[in-house]
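Coordinate inspection notes
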Amino acid sequence: MARWRWLYRDACEAALFQAELRGWVNCSADDWLAERRLVTLLDHADHYLFRTRSQAWMRRHVKAEGVWEGIGKAGLLLTFHWGAGMWALCHASAAGMRGNMVLAAPGGRDFIGRWIFGRYVRARMRSVEMALDRPVVFVPGGMQGVRQALRRDEQVVVVIDVPEDQVSITRTTTVLGQPVSVPAVLPQMAVDRSLPTTVFYMGIDLQSGQRTLRIAPLGESKDPQDLTDKIFAYFDELLRKQPAAWHLWAEAPRFFRARADGGGNPMEKKVMNP
């Protein structure tokens, strides 16, 4: 199926164009597109596998590198729109983490006239809630839910590689050798509240299908810029290692740019769905 040219055609062609423009297609276009489609297909499949498979399936097919730290303590769990994350959430919950996922509320122009798409998105959000055993925190208007989760000594889960026009306050870091504006509120919150931060992401062996979860606890930080740089250093490494596994290549013009910091609260605006 990953070799079917018509599958996800528009999104795939837009992603390939942006990746080629930035020099991150290091194989034939057909191979790059097949890898992108396969990662997308597996990401969707994991939603259904989670609903129909047990913890035993996860133990057989998910290999974890690193351990979850900060169980029973407030903290931030940060990941990226790369690879597939459903089983990572399930793994965190099984280890004792109590994550509250921050997601954009389903609605708006993307859902108009797309009944099946809307049902799928809501079903996937329900899977996230089931995996974490916690309700989703919807944005805009999600800061109260974030604060409540932290007061309960639980964790907040955020997919942090969002375009700069999705947030109001940004900080500049470097990704693929280019200055990029990224969300500033969460790293600042981690410093102000002495919250331990963990970066996690799940890749896929495209030959065997094995999922590999990598967990990188960063501990507490005293400098929001240093913490931001550390977080996005992991993202930079992922893009360099397996660029086709990034789901937001079509949005690259919105992501790969830097701007002056603005006022307001980025958690009160829309963020991308995982």
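Residues numbered from 1 in each chain as written. Predicted model: local features only at pLDDT ≥ 70, side-chain atom pairs only at ≥ 80, totals over all residues. Heavy atoms only, no water.

Before going further, it helps to spend a moment on the overall build of the protein chain. From N to C terminus, the protein chain includes 9 helices and 9 strands. Relative to the 2.2 N^0.38 estimate, which gives 19 Å for 274 residues, the radius of gyration of the protein chain is 18 Å and therefore close to what a compact globule would have. Each of the three principal axes of the protein chain carries a C-alpha extent, and together these read 50 × 45 × 40 Å. The proportion of buried residues among the 274 residues of the protein chain is 52%. In the protein chain, 79% of the contacts between residues at least 6 apart in sequence involve partners at least 24 apart. A total of about 12500 Å² of accessible surface is found on the protein chain, and carbon and sulfur atoms cover 51% of it. (Helix = DSSP H or I, 4+ residues; strand = E, 2+ residues; numbered from the N terminus. Rg over C-alpha atoms; globule rule 2.2 N^0.38 Å. Buried < 20%, exposed > 50% of the residue type's maximum accessible area, 1.4 Å probe, protein only. Contact = heavy atoms within 4.5 Å. Areas by Shrake-Rupley, 256 points an atom, 1.4 Å probe, with all protein chains shown as cover.)

An order of β1-β9-β8-β2-β5-β3-β4 is seen for the 7 strands of this open sheet, with the pairing classed as mixed. Each edge of the open sheet carries a strand with a single partner, namely β1 (62–65) and β4 (137–139). Put simply, the sheet's adjacent strands are angled 25° from each other on average, direction ignored. Contacts between helix α4 (residues 86–94) and the sheet are confined to β1, β3 (99–104), β5 (155–159), β8 (197–204) and β9 (211–219), with β8 contributing the most and set at about 130° to the helix. (Pairing = 2+ DSSP bridges. Axes fitted to C-alpha atoms, helices over the stretch in contact; angles between N-to-C directions.)

Moving on, we get to the packing of helix α1 (residues 9–21) against helix α2 (residues 29–52). Helix-helix packing: each pair is described by the crossing angle between the helix axes and the interaxial distance. Packing of α1 against α2 brings their axes to within 10 Å, and their N-to-C directions diverge by 125°. Classified by the angle their axes make, α1 and α2 are oblique. Every pair of crossing elements has a handedness; the one defined by α1 and α2 is right-handed. Between α1 and α2, the contacting residues are A11, C12, A15, L16, A19 and E20 on the first element and A29, W32, L33, R36 and R37 on the second. Taken together, the residues of the contact of α1 with α2 break down into 8 nonpolar, no polar and 3 charged. (Parallel < 35°, antiparallel > 145°, perpendicular 65-115°, else oblique. Left-handed = near helix turned anticlockwise from the far one by under 90°. Nonpolar A, V, L, I, M, F, W, Y, C, P; charged D, E, K, R; others polar.)

Taken N-terminus to C-terminus, the directions of α2 and helix α5 (residues 115–132) make an angle of 55°; their axes are 10 Å apart at the nearest point. Relative to α5, α2 is oriented oblique. For α2 against α5, the interelement crossing comes out left-handed. Only Y120, A123, R124, R126, S127, M130 and A131 of α5 make contact with α2, whose side of the interface consists of D43, H44, H47, Y48, F50 and R51. Here the contact of α2 with α5 is composed, by residue class, of 6 nonpolar, 3 polar and 4 charged.

For the protein chain, per-residue confidence averages 91 on the pLDDT scale, and residues scoring 70 or more make up 95% of the total. Averaged over each element, pLDDT in the protein chain is lowest for β4 (86) and highest for strand β2 (residues 75–79) (98). Scored below 50 in pLDDT, residues 262–274 makes 56 contacts in the model with residues more than four places away or belonging to other chains. (pLDDT = per-residue confidence, 0-100.)

We note that Y8 has phi near 55°; this positive angle belongs to a residue other than glycine. Assignment of secondary structure puts Y8 in the segment before α1. Positive phi outside glycine occurs at D133, with the angle close to 55°. Looking at the secondary structure, you find D133 in the loop between α5 and β4.

Time to look at the pattern of salt bridges. What the rule picks out here adds up to 17 salt bridges. Note that E251 is salt-bridged to R254, the shortest N-O span being 2.6 Å. The exposure class assigned to E251 is partly exposed, which follows from its relative accessible area of 26%. One salt-bridge network, in which partners are shared between bridges, spans E164, D165, E251, R254 and R257. (Salt bridge = Lys/Arg side-chain N within 4 Å of Asp/Glu carboxyl O.)

Quick look at the environment of R257 now. Among the structural elements, R257 can be located in the segment after α9 (252–255). Among residues more than four places away in sequence, those in contact with R257 are E164, D165, Q178, P179, V180 and S181. A distance of 2.5 Å separates a polar atom in the side chain of R257 from a polar atom in the side chain of E164. (Polar contact = N/O pair within 3.5 Å; in protein donor to acceptor, adjacent residues only side chain to side chain.)

Here the focus is the side chain of D46. Relative to the helices and strands, D46 is located in helix α2. If we ignore the near neighbours within four places in the chain, the residues touching D46 are A84, M86, W87 and R211.

Below, the discussion takes up the environment of P179. By the element assignment, P179 lies in strand β7 (residues 178–183). The spatial distance from the C-alpha of P179 to the C-alpha of F256 is 7.4 Å, given a sequence separation of 77 residues. What P179 contacts, discounting residues up to four positions off in sequence, is T172, T173, R257 and A258.

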